Amino acid sequence: MEHNRRSFLKTISLATGATVLSQKGYPLSSVKTSTNDIACQQYTWYSYFLRENKNWMENPETSMEAFLASGLRGYEPSFNGSEEVAILHQQLKQLEIGHKSMYVNSVLHEPLIVEENILQILSIASEAVKAGISILVTNPTPINWNGTENKSDDQLKTQAIALNHLGEKLKAIGMILAYHNHDAEMRESAREFHHMLTGTDPSVVKLCLDPHWIFRGSGDSQVALFDIVEMYSSRIVELHIRQSQDGIWSEVFEEGDIDYSRLVSVLNNKKLKPHLVLEQAAENGTPHTMDAVAAIGKSLENCKLIFRELL
């Protein structure tokens, strides 16, 4: 199965007009969380549902029952259009599920479509602000979804200028832009990743740190990961949390390839409390010993222990 989030973002569509009120069928967790607690990215549920031959949000009622049963009370949705925002906001509001951040795709390296794309993102953001969302996470898309072609220096310059412009526009309406990367941006000495941060204004372009994509993209290197944390720690406003065992995403977030205890210690010593978003997911080779609710629920419990100093 293909569990690439880039492919997911191309095909995702939110169910619209559905009522999400019933909470039967799953034993709801008694865990109560605060608005500062750990949220969960939409892709996590898409991934775990897919391996059970289910489609996340095909049945919003069932999907949200599962979400609540895991113990989660915070959600990071992904949006493709502004019309999706109000619909989901009402669904989450009814269930008392918080949503501080969102993920929005972007194409910022092509001069001919940059302005159009920024306008589309801003239309989503303007609706999201009304819904109380304060962080917009974006990972500028690659030249092709499944290829290995790298962007030229000119395209990287165009992208950084566009990212900075988008950050300025979002700041003006009270929203934070957080740059996010996958493994492609780490190729060729991480030239794309670094230019998106060194080529932009730290006051308008922040960082959604994704430790595992940095780890994987740099050849499974914790040295590279913690160097980046030191270089850009002041810009970290959000953390995407995922673990692996011997390079393969683990079924449950737990001890593994990445020393998350060390990361917590570093962030805590720097007095940083980024928004925490669980993004444990399944890929080829991930063990399958439990269902989505059990796997994500256990991941949440482990996250609460490891990240307790940042909550």
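Quick caveat: nothing in here was measured; it's all calculated off a predicted structure.

> Run through the sheet that holds strand β7 (residues 205-209), naming residues and quoting values.
A sheet is described by the order of its strands in space; here nine strands give the open sequence β2-β1-β11-β8-β7-β6-β5-β4-β3, paired in parallel fashion. Both edges of this open sheet fall to β2 (75-76) and β3 (78-79), since each of them pairs with a single strand only. Two elements, strand β6 (residues 176-179) and β7, share three bridges in a ladder whose sense is parallel. When the sheet's bridge partners are listed, Y179 is paired in β7 with L207.

> For the pattern of salt bridges, give the residues involved together with the corresponding values.
Counting across every chain of the model gives 11 salt bridges. When the shortest N-O distance is used, the salt bridge between K54 and E52 registers 3.3 Å. Residues joined in a network through salt bridges with shared partners are D153, E188 and R191.

> Give me unusual backbone geometry: which residues, what numbers.
Of note, the phi angle at E188 is positive, near 50°, even though the residue is not glycine. Within the secondary structure, E188 sits in helix α7 (residues 187-198). Residue classification places E188 among the partly exposed positions, given a relative accessible area of 46%.

> Quick rundown of the packing of aromatic side chains? Include the residues and the values.
Counted by the stated rule, this structure contains 13 aromatic pairs. Summarising the aromatic geometry, the rings of Y179 and F193 are spaced 6.0 Å apart at their centres and angled 45° between planes, so their arrangement reads as tilted. With Y179 in strand β6 and F193 in helix α7, this pair connects stretches of sequence that are 14 residues apart. Of the two residues, Y179 and F193, both sit in the buried class. The interplanar angle of 70° and the centroid separation of 5.1 Å between the aromatic rings of F253 and Y260 together place this pair among those described as edge-to-face. Judged on exposure class, the residue F253 and its partner Y260 are both buried. Through successive ring pairs, a cluster of aromatic residues spans W45, F49, W56, F67 and Y75. The aromatic ring of F226 is capped on one face by R262, whose charged end is 3.8 Å from the ring centroid.

Criteria and thresholds
Residues numbered from 1 in each chain as written. Predicted model: local features only at pLDDT ≥ 70, side-chain atom pairs only at ≥ 80, totals over all residues. Heavy atoms only, no water. Pairing = 2+ DSSP bridges. Helix = DSSP H or I, 4+ residues; strand = E, 2+ residues; numbered from the N terminus. Salt bridge = Lys/Arg side-chain N within 4 Å of Asp/Glu carboxyl O. Buried < 20%, exposed > 50% of the residue type's maximum accessible area, 1.4 Å probe, protein only. Phe/Tyr/Trp six-rings, centres within 6.5 Å; stacked < 30°, edge-to-face > 60°. Lys NZ or Arg CZ within 6 Å of the ring centre and 35° of its normal.

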